[in-house]
Amino acid sequence: MKQETKDRIRKIKTDRNWSESHSPANLAKSISIEANELLECFQWDEENYDREHVIEELADVIVYCQDMLDVLGLDVDQIVNDKMEMNEKKYPVEKAKGNATKYNILK
């Protein structure tokens, strides 16, 4: 995410004094709630959905994730790359390619 966008998210939160309610637990709840609202966009029809509504809900998830990163003092690139390294080890290409089996069951 561009620094300008991160700064805008932070400014909205700061200007409205929302930081007081943005504990890690509250942010985790908000991420889950918004992710479920995103899922709701596809509840009855996976092909004919309101794209603008999907974009709005996805943005809400991303904003709350950025808030969580800030509260925990984390760098998105670092944690995503760490997770990708773990996934590469758990799901080696030769075992996982074309296979949706969970890592602990892969043969």
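Described in the following lines is the structure provided in the data block. (Residues numbered from 1 in each chain as written. Predicted model: local features only at pLDDT ≥ 70, side-chain atom pairs only at ≥ 80, totals over all residues. Heavy atoms only, no water.)

A word on helix H2 (residues 24-40). An α-helical turn contains 3.6 residues, so a residue and the one three or four places further along point in the same direction. Across its 17 residues, H2 extends 24 Å between first and last C-alpha, which sits within 8% of the 24 Å expected from 1.5 Å per residue. Those residues of H2 that are buried are in contact with helix H3 (51-72). (Helix = DSSP H or I, 4+ residues; strand = E, 2+ residues; numbered from the N terminus. Expected span 1.5 Å × (residues − 1). Contact = heavy atoms within 4.5 Å.)

The next thing to look at is the packing of H2 against H3. Interhelical geometry of H2 versus H3 gives an angle of 165° and a closest axis separation of 9 Å. By the criterion of interaxial angle, the relationship of H2 to H3 is roughly antiparallel. In this structure, H2 crosses over H3, and the sense of that crossing is left-handed. Residues Pro24, Leu27, Ala28, Ser30, Ile31, Glu34, Ala35, Glu37 and Leu38 of H2 pack against Val54, Glu57, Leu58, Asp60, Val61, Tyr64, Cys65, Asp67, Met68, Val71 and Leu72 of H3. Per-class residue counts for the contact of H2 with H3 are 14 nonpolar, one polar and five charged. (Axes fitted to C-alpha atoms, helices over the stretch in contact; angles between N-to-C directions. Parallel < 35°, antiparallel > 145°, perpendicular 65-115°, else oblique. Left-handed = near helix turned anticlockwise from the far one by under 90°. Nonpolar A, V, L, I, M, F, W, Y, C, P; charged D, E, K, R; others polar.)

Below, the discussion takes up the packing of helix H1 (residues 3-15) against H3. As a packed pair, H1 and H3 sit with axes 10 Å apart at the nearest point and diverge in direction by 85°. Judged by the angle between their axes, H1 and H3 are roughly perpendicular. Taken together, the residues of H3 that come into contact with H1 (itself represented by Lys6, Ile9, Arg10 and Lys13) are Val63, Gln66, Asp67, Asp70 and Val71. When grouped by side-chain class, the residues that make up the contact of H1 with H3 number three nonpolar, one polar and five charged.

Here we come to a nonpolar patch on the surface. A cluster of nonpolar residues, Val71, Leu72, Leu74, Ile79, Val80 and Met84, forms a patch on the protein surface that exposes about 460 Å² of accessible area. Elements that contribute at least two residues to the nonpolar patch include exactly H3 and helix H4 (76-90). Top contributing element to the nonpolar patch by residue count: H4, with three residues. Mapped onto the elements, Met84 comes out in helix H4. By relative accessible area, Met84 is classed as partly exposed at 37%. (Patch = residues over 30% accessible without salt bridge, like charges linked within 9 Å, V, L, I, M, F, W, Y side chains within 5 Å. Areas by Shrake-Rupley, 256 points an atom, 1.4 Å probe, with all protein chains shown as cover. Salt bridge = Lys/Arg side-chain N within 4 Å of Asp/Glu carboxyl O. Buried < 20%, exposed > 50% of the residue type's maximum accessible area, 1.4 Å probe, protein only.)

Moving on: the side chain of Glu57. Positionally, Glu57 belongs in helix H3. Comment: no salt bridge for buried Glu57; closest opposite-charge side chain is Arg51, at 15 Å. Not counting the four nearest positions on each side in its chain, Glu57 is found in contact with Glu34, Glu37, Leu38 and Cys41. (Lys, Arg positive; Asp, Glu negative; His and termini not counted.)

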